[in-house]
Amino acid sequence: MLRRSAPRDPGATREALLAAGTELFSRHGFDGATSEQIARRARVNKALINYHFRSKQGLYEAIVEATVGSLLEELRQERPERQPAPARLERFIRSVAELNRRQPSFSVILLREMIAGGPRINERIAAQFGAVLRQVGSILAQGAREGSLRRADPFLTHLTIMGSMIFFHATAPARDRLIQAKLVPIARAPDPAAFAAHLLELLGRGLETRRGAEASRRAR
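Bear in mind that the values here come from a model prediction, so they are computed numbers and not experimental data.

Each value, and the rule that gives it
- Residues numbered from 1 in each chain as written.
- Predicted model: local features only at pLDDT ≥ 70, side-chain atom pairs only at ≥ 80, totals over all residues.
- Heavy atoms only, no water.
- Helix = DSSP H or I, 4+ residues; strand = E, 2+ residues; numbered from the N terminus.
- Contact = heavy atoms within 4.5 Å.
- Areas by Shrake-Rupley, 256 points an atom, 1.4 Å probe, with all protein chains shown as cover.
- Lys, Arg positive; Asp, Glu negative; His and termini not counted.
- Charge placed at Lys NZ, Arg CZ, Asp CG, Glu CD.
- Phe/Tyr/Trp six-rings, centres within 6.5 Å; stacked < 30°, edge-to-face > 60°.
- Lys NZ or Arg CZ within 6 Å of the ring centre and 35° of its normal.
- Expected span 1.5 Å × (residues − 1).
- Buried < 20%, exposed > 50% of the residue type's maximum accessible area, 1.4 Å probe, protein only.
- Salt bridge = Lys/Arg side-chain N within 4 Å of Asp/Glu carboxyl O.
- 1 Å grid on protein atoms, 1.4 Å probe; cavity = no way out; pocket = protein on both sides within 12 Å on 5 of 7 lines; lining within 4 Å.
- Points joined across faces, edges and corners; volume = space filled by probe spheres on them.
- Nonpolar A, V, L, I, M, F, W, Y, C, P; charged D, E, K, R; others polar.

In terms of helices and strands, the chain carries eleven helices and zero strands. Of the regular secondary structure in the chain, the N- to C-terminal order runs α-α-α-α-α-α-α-α-α-α-α. Counting only C-alpha atoms and orienting by the principal axes, one finds that the chain spans roughly 70 × 45 × 30 Å. Sequence separation of at least 24 residues holds for 69% of the intrachain contacts in the chain that already meet a minimum separation of 6. Put simply, the chain shows about 12800 Å² of open surface, and 53% of that area lies on carbon and sulfur atoms. Both charge centroids of the chain, one from 36 positive and one from 22 negative side chains, sit 3 Å from each other.

With that settled, the discussion passes to the packing of aromatic side chains. Enumeration according to the criterion identifies four aromatic pairs in this entry. Note on F25 and F30: the rings are 5.7 Å apart at their centroids and 20 degrees apart in plane angle, and the pair reads as stacked. Three or more aromatic residues joined by ring pairs form one cluster here, namely F25, F30 and Y60. Lying across the ring of Y60, R120 places its NZ or CZ 5.5 Å from the centre.

What follows is about the environment of V108. Relative to the elements of secondary structure, V108 occurs in helix α6 (residues 104-115). Considering only alpha carbons, one finds V108 and A33, 75 residues apart in sequence, at a separation of 14 Å. With sequence-adjacent residues up to four places away left out, V108 is seen in contact with S26 and A170.

All right, on to helix α7 (residues 123-146) then. Taking 1.5 Å as the rise per residue, α7 with 24 residues should run 34 Å; its terminal C-alpha atoms sit 34 Å apart, in good agreement. By the burial criterion, the buried members of α7 are I125, Q128, A131, V132, Q135, V136, G137, I139, L140, Q142 and G143. Buried residues along α7 sit against α4 (56-75), α5 (85-102), α8 (154-170) and α10 (192-207). Where α7 ends, the next residue or the one after it, G147, has phi of about 75 degrees, a positive value.

A word on α5. For α5, spanning 18 residues, the distance from its first C-alpha to its last is 26 Å, which sits close to the expected 26 Å at 1.5 Å a residue. Most of α5 sits inside the fold, with 13 of its 18 residues counted as buried.

Below, the discussion takes up the pattern of salt bridges. Side-chain pairs of opposite charge can arise where the charged atoms are in close proximity. On inspection of all chains with the given rule, the structure shows eleven salt bridges. A salt bridge links E65 to R124, with the nearest nitrogen and oxygen atoms 3.0 Å apart. In this pair, E65 sits in helix α4 while R124 sits in helix α7, placing the two residues 59 residues apart along the sequence. For E65, a relative accessible area of 19% puts it in the buried group. Sharing partners across several salt bridges, the network here consists of R54, E61, E65 and R124.

This part is about empty space enclosed by the protein. Enumeration over the complete set of coordinates arrives at one cavity of 30 Å³ or more. When its volume is computed, the largest cavity comes out at roughly 40 Å³. When residues of the lining of the largest cavity are traced back to their parent elements, those giving at least two are α4 and α6. Partitioned by chemical class, the residues of the lining of the largest cavity number five nonpolar, no polar and two charged.

As structure tokens, then:
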């Protein structure tokens, strides 16, 4: 009989299920990761998935909502009136990079979901995605008002940032394998922080006006 070492604290049990679900959904996809596998990884009774999240899909949705919610919480702490738009753009990109550093499996889950057509993106998750997009729109609108950023489409800018970050982190295992096997002409795997800095430089050069560059230097 399988010995279970589940924590008695309900909060700890919930966190264990979220961690196990994140790992197994990223590895096997939603359909491939069973409730039995998730419970075994979390070392809890399978019934606790339904108790805490109603179902396996409820657990999946909770993982996505909690992860995107943590990004939104961080972004909402900023004071736009105290920062020029280029500095806010830099903070946004670094926040997305930090999210992927903390939750490297999340990019795989999200990429799988989008490729499948987003069947498990509910209204709450869609609203969170919309809130992230509005953050980008707010930055670009401020930049246009103050003359620090060129006018750009918020949705396309959002796709440039999120798409690049998600693809970079989701494909890391395959990329690392190819590099280690010397199948691609790269000496070592690119550093996530270096990639974030690279993306920031590309967007900065493309969007920032001369006035914006000067304001960014003063803000640092």
